[in-house]
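Structural overview for review
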Amino acid sequence: MNWLAIAPGRVNLIGEHTDYNGLPVLPMALDRDVRIEFAVADGPVVRLDSPLARLDTFAFQLKRPIEAADQGHWSNYVRAAANGLLEHGVPLKQGIEGTVTGDVPIASGLSSSSALVVASALALLKANGVEVAGASETTGGPASSTRAQPEPALSPRSPVAPISRLELATLMARAERFVGLEGGGMDQAACLHGAEGHALRIDFEPLRVTPVAVPEGWRWVVASSLVRAEKSRGARDAYNERAGQCREALAVLGSVFANDASVTAERDRPGVAPVSYRDLIADGDVDGLLERTRRILPPALFRRFRHVVTEGRRVALAEVAMREADMRGFGDLMVRSHESLRDDYAVSTSELDEIVTVALEAGAAGARLTGAGFGGCAVALCDAPTMGPVMDALSERFYGPRLSRPPSREEMFAAKPSGGARVRIRDSSGGGL
Ligand code: NG1
């Protein structure tokens, strides 16, 4: 029997470089996905090929420790999923053989890598009879939320116990670090919890996912900067450097605040340093926090810190704006987010800045880089009548001088909030699902 594991990419609407700092994000799953058509293999082996450019055929054995391929090789994302499941105690006695296809643009900040990790995990779990609990889509509005569910403990498990989507998202976020990126957990959670018509507020430690309905009549335009952001290669060091700076800022503040009674007394824990970004902004006074920390942190570290804590606040405000259908307000927050990523976090590029400027001048309600930056894509928010003019302006002013043709569907497209990752039977005639 042939199966199809389908895992969507995601576009992050706001909340950039906050996930690995334990602060929330607000992405949505895309209507573009990575697909693995597979059959259960004869033994514990994974054998995959792909018609996509630059993805050569590979095979590896499912036994610990899983060996990494050369840095940058696409099989490392599949190996990451297998390694994560094995380390978690899921016995992978059966492997998979099949073909990977998909239409999530690669190295574009749209999470093609996590989609491949999640699709691989779902395929391996299916091949080994491990059920993934929970629907592939959450369709409810504000009242429907996985927020209340505690993060399940990642303890060694019995061979056939089902695994929940939250548990799998947490597990795959850790597993993807196999490729050497000190990433957060946004992408795997968005991929597994996508909901049609909804953005997803994702909180961490513990992981919670709350769908937020996107108001009628609003559109998201995703536009590539035409610069690849290869996080298995060059952009990886820049990304990890930012993560390191965030930890460093926290460590400096932790040691200073531990000796500052006026700060610790507020939290009723005299002598105990704040250990997380969430602790630091718990009282909601981000401006007061910035005032206090400006003199403590070296200037470069302070700018990274300011991005993280103000972005955390913007996500909270953006969620409220979306629930209240105040999409102009949401758009303003996207613009503030971009400025902060450009000026304080230093992850934008001149191409991304230009896309944002062109989109806003053409009437978009908001625009910002999306994903880690260093290239990749920007996302613009438009009301329905403005979407065409925004896309026309980008074609003419951004893509025109760079390409001798209109942008392809890979390079610019309207994105629809879509459902989450799933496995289906692929009928033997080779027809649809
Ligand atoms: P992209 O750019 O899609 O690879 C990366 C991280 C996210 C998050 C964003 C920045 C991974 C797999 N992805 O996303 O967790 O930190 O950067 O907000 O680590």
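Quick note: structure is the one above.
Residues numbered from 1 in each chain as written. Predicted model: local features only at pLDDT ≥ 70, side-chain atom pairs only at ≥ 80, totals over all residues. Heavy atoms only, no water.

With that settled, the discussion passes to the pattern of salt bridges. Under the definition given, this model contains 20 salt bridges. In this structure, Asp 203 and Arg 201 form a salt bridge, with 2.9 Å as the shortest nitrogen-oxygen distance. Given a relative accessible area of 12%, Arg 201 falls into the buried group. The salt bridge partner of Asp 344 is Arg 306, with a shortest N-O separation of 2.7 Å. Of this pair, Asp 344 sits in the loop between α10 (327-343) and α11 (350-361) while Arg 306 sits in helix α9 (residues 299-323); the two residues are 38 residues apart in sequence, bridging distant segments of the chain. Judged by relative accessible area, which is 25%, Arg 306 ranks as partly exposed. (Salt bridge = Lys/Arg side-chain N within 4 Å of Asp/Glu carboxyl O. Buried < 20%, exposed > 50% of the residue type's maximum accessible area, 1.4 Å probe, protein only. Helix = DSSP H or I, 4+ residues; strand = E, 2+ residues; numbered from the N terminus.)

Here we come to the nonpolar core. Among the nonpolar cores identified, the biggest contains 136 residues, and Leu 85, Trp 220, Phe 305, Phe 330 and Leu 394 are the most heavily contacted of them. Residue contacts for Phe 305: discarding those within four places in its chain leaves Ala 249, Leu 253, Tyr 277, Leu 280, Leu 289, Leu 290, Thr 293 and Leu 297. (Core = buried A, V, L, I, M, F, W, Y, C linked by side-chain atoms within 4.5 Å. Contact = heavy atoms within 4.5 Å.)

Bringing the environment of Leu 85 into the picture now. Position of Leu 85 among the secondary structure elements: in helix α1 (residues 75-87). For the pair Leu 85 and Met 172, spaced 87 residues apart in sequence, the C-alpha separation works out to 8.3 Å. Contact partners of Leu 85, with chain neighbours within four places excluded, come to Val 90, Leu 92, Ala 121, Leu 124, Leu 125, Leu 168, Leu 171 and Met 172.

A word on the packing of helix α2 (residues 112-127) against helix α4 (residues 186-193). One way to put it is that α2 packs onto α4 with a least axis distance of 9 Å and a crossing angle of 55 degrees. Of the possible angle classes, the one that applies to α2 and α4 is oblique. Seen from above, α2 lies across α4 with right-handed handedness. Contact with α2, carried on its side by Ser 114, Ala 115, Val 118 and Leu 122, involves Asp 187, Gln 188, Cys 191 and Leu 192 of α4 and no other residues of that element. Tallied by class, residues from the contact of α2 with α4 come to 5 nonpolar, 2 polar and 1 charged. (Axes fitted to C-alpha atoms, helices over the stretch in contact; angles between N-to-C directions. Parallel < 35°, antiparallel > 145°, perpendicular 65-115°, else oblique. Left-handed = near helix turned anticlockwise from the far one by under 90°. Nonpolar A, V, L, I, M, F, W, Y, C, P; charged D, E, K, R; others polar.)

Moving on to the sheet that holds strand β2 (residues 26-40). Within a sheet, each strand pairs with its neighbour through backbone hydrogen bonds, oriented either parallel or antiparallel. Strand order in the open sheet formed by 6 strands is β4-β3-β5-β2-β1-β14, with mixed pairing between adjacent strands. Unpaired on one side and paired on the other, β4 (58-61) and β14 (422-426) mark the two borders of the sheet. If you compare each strand with its neighbour and ignore which way they point, the axes differ by 25 degrees on average. Looking at chain direction, strand β1 (residues 2-14) and β2 are connected through 10 bridges and run antiparallel. In the sheet register, Ala 7 faces β2, and the bridge partner there is Val 34. The sheet strands contacting α1 are β3 (45-49) and β4, and the helix crosses β4 at an angle near 25 degrees. (Pairing = 2+ DSSP bridges.)

Aromatic ring pairs are defined here through the distance separating the ring centres and the angle between the ring planes. For the coordinates displayed, the defined rule picks out 6 aromatic pairs. Pairwise contacts between aromatic rings join Phe 58, Phe 60 and Trp 74 into one cluster. Its guanidinium or amino end placed over the ring of Phe 413, Arg 32 lies 3.8 Å from that ring's centre, counting from NZ or CZ. The ring of Phe 398 is capped by Arg 402, whose NZ or CZ atom sits 3.9 Å from the centre of that ring. (Phe/Tyr/Trp six-rings, centres within 6.5 Å; stacked < 30°, edge-to-face > 60°. Lys NZ or Arg CZ within 6 Å of the ring centre and 35° of its normal.)

Turning to the environment of Ala 393, a few remarks are in order. Relative to the assigned elements, Ala 393 resides in helix α12 (residues 384-399). Note: C-alpha distance between Ala 393 and Ile 355 (38 residues apart in sequence) is 9.6 Å. Ignoring anything within four residues of it in the chain, the contact list for Ala 393 reads Val 358, Ala 362 and Phe 398.

Next up on the list: the layout of surface pockets. When its volume is computed, the second largest pocket comes out at roughly 460 Å³. Lining the second largest pocket are 24 residues, with Asp 19, Tyr 20, Arg 177, Gly 184 and Glu 205 positioned closest to its centre. Breaking the lining of the second largest pocket down by element, the ones donating at least two residues are α3 (165-175) and α5 (234-258). A class-by-class count of the residues in the lining of the second largest pocket yields 10 nonpolar, 7 polar and 7 charged. (1 Å grid on protein atoms, 1.4 Å probe; cavity = no way out; pocket = protein on both sides within 12 Å on 5 of 7 lines; lining within 4 Å. Points joined across faces, edges and corners; volume = space filled by probe spheres on them.)

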